[in-house]
Amino acid sequence: MTDARGESPLMETGIDPGTLSDEDLFRELGSLHRTRLETLRHGPDAALNNHFKRTAELETEYITRYPGREVDTDRLTQDF
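The present account deals with the structure reproduced in this document. Think of each chain on its own: its residues are numbered from 1, step by step along the sequence as written. For a predicted model such as this one, the threshold for reporting local features is a pLDDT of at least 70, and the threshold for listing and counting side-chain atom pairs is 80 or more; totals across whole chains, interfaces and linings nevertheless cover every residue. The basis for every side-chain value is the complete set of heavy atoms in the structure, and neither hydrogens nor water enter the calculation.

## Regarding the overall build of the protein chain
The helix and strand inventory of the protein chain stands at two helices and two strands. Along the protein chain, helices (α) and strands (β) appear in the sequence β-β-α-α when read from the amino end. Here's how the labels work: a residue is buried when its accessible area is under 20% of the maximum for its type, exposed when over 50%, partly exposed in between, all with a 1.4 Å probe on protein chains only. Scored against the burial criterion, the 80 residues of the protein chain give a buried share of 20%. In this description, contact between two residues means that some pair of their heavy atoms is separated by no more than 4.5 Å. Once local pairs closer than 6 in sequence are excluded, the contacts in the protein chain between residues at least 24 apart make up 56%. By element, 51% of the accessible surface of the protein chain is carried by carbon and sulfur atoms, the whole surface being about 6,300 Å². Secondary structure is summarised from DSSP: a helix means a run of H or I of at least four residues, a strand means a run of E of at least two, and numbering begins at the N terminus for each. Areas reported as accessible are Shrake-Rupley estimates using a 1.4 Å probe. Residue values count occlusion only from the protein chains shown.

## Considering the pattern of salt bridges
By definition, a salt bridge exists where a carboxyl oxygen of Asp or Glu is found within 4 Å of a side-chain nitrogen of Lys or Arg. Going through the model one piece at a time under the given rule, you end up with five salt bridges. Notably, a salt bridge pairs Arg54 with Glu57, separated by 3.1 Å at the nearest N-O pair. Note that Arg54 and Glu57 are positioned in helix α2 (residues 45–65) at a spacing of three residues, about one turn of the helix. For Arg54, a relative accessible area of 7% translates into the label buried. In this structure, Glu61 engages Arg65 in a salt bridge whose closest nitrogen and oxygen atoms are separated by 2.7 Å. Of this pair, Glu61 and Arg65 both sit in helix α2, separated by four residues, roughly a single helical turn. Assessed through its relative accessible area of 17%, Glu61 is described here as buried.

## What about the nonpolar core?
Grouping buried Ala, Val, Leu, Ile, Met, Phe, Trp, Tyr and Cys residues that are joined through side-chain atoms within 4.5 Å yields what is termed a nonpolar core. Counting residues in hydrophobic clusters, the biggest one holds five residues: Leu20, Leu25, Leu29, Leu32 and Leu58. Take this core: its biggest share by element is three residues, from helix α1 (residues 22–42).

## What to know about the packing of aromatic side chains
The geometry of an aromatic ring pair is captured by two quantities: the separation of the ring centres and the angle between the planes. The aromatic pairing rule takes the rings of Phe, Tyr and Trp, using the six-membered ring of Trp, and pairs them if the centres are within 6.5 Å, calling planes under 30 degrees apart stacked, those over 60 edge-to-face and the rest tilted. Scanning the model with the defined rule gives three aromatic pairs in all. An angle of 35° between the planes, with centres 5.0 Å apart, marks the rings of Tyr62 and Tyr66 as tilted. One aromatic cluster is present, built from ring pairs that chain together Phe26, Tyr62 and Tyr66.

## Looking at α1
Each turn of an α-helix holds 3.6 residues, which means side chains three or four residues apart point in the same direction. Between the first and last residue of a helix there are one fewer steps than residues, each counted as 1.5 Å, and that sum is the expected span. With 21 residues, α1 extends 30 Å from end C-alpha to end C-alpha; this agrees with the ideal 30 Å at 1.5 Å per step. The angle between axes fitted to the seven residues ending at a residue and the seven residues starting there is what we call the bend at that residue. At Thr35, α1 is deflected by roughly 45°, the largest bend along its length. Residues Leu25, Leu29, Leu32 and Thr39 constitute the buried set of α1.

## Observations concerning the packing of α1 against α2
Angular values range over 0 to 180 degrees, each being the angle between N-to-C directions of two axes fitted as lines to C-alpha atoms, with helices fitted over their stretch in contact. α2 packs onto α1 with a crossing angle of 145° between their chain directions and a minimal axis gap of 10 Å. Classified by chirality, the crossing of α2 by α1 is left-handed. The segment α1 lies against α2, with Asp22, Leu25, Phe26, Glu28, Leu29, Leu32, His33, Thr35, Arg36, Thr39 and Leu40 engaging Ala47, Leu48, His51, Phe52, Arg54, Thr55, Leu58, Glu59, Glu61, Tyr62 and Arg65. Side-chain classes are defined by residue name, with Ala, Val, Leu, Ile, Met, Phe, Trp, Tyr, Cys and Pro counting as nonpolar, Asp, Glu, Lys and Arg as charged, and the others, Gly among them, as polar. Here the residues of the contact of α1 with α2 sort into 10 nonpolar, five polar and seven charged. Left-handed describes a crossing whose near helix is turned anticlockwise from the far helix through less than a right angle; right-handed describes the clockwise counterpart.

Printed below as a string of structure tokens:
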């Protein structure tokens, strides 16, 4: 499936994350994280399920692109 312009492949929850530029991927991740609590608290089940799915898709793409991402040692606890 493609978008209205016939360009980027669409998935059930949006544009395939693999086709997004880094800038678009970061923007989409930021948008999801900004709307997370509101969706969790007030969204219908379908919206929450879509949010779960899209978050997993985008975060998986991020990890694929940046497997050696920087880890802030100040965020570590003794358990890790």
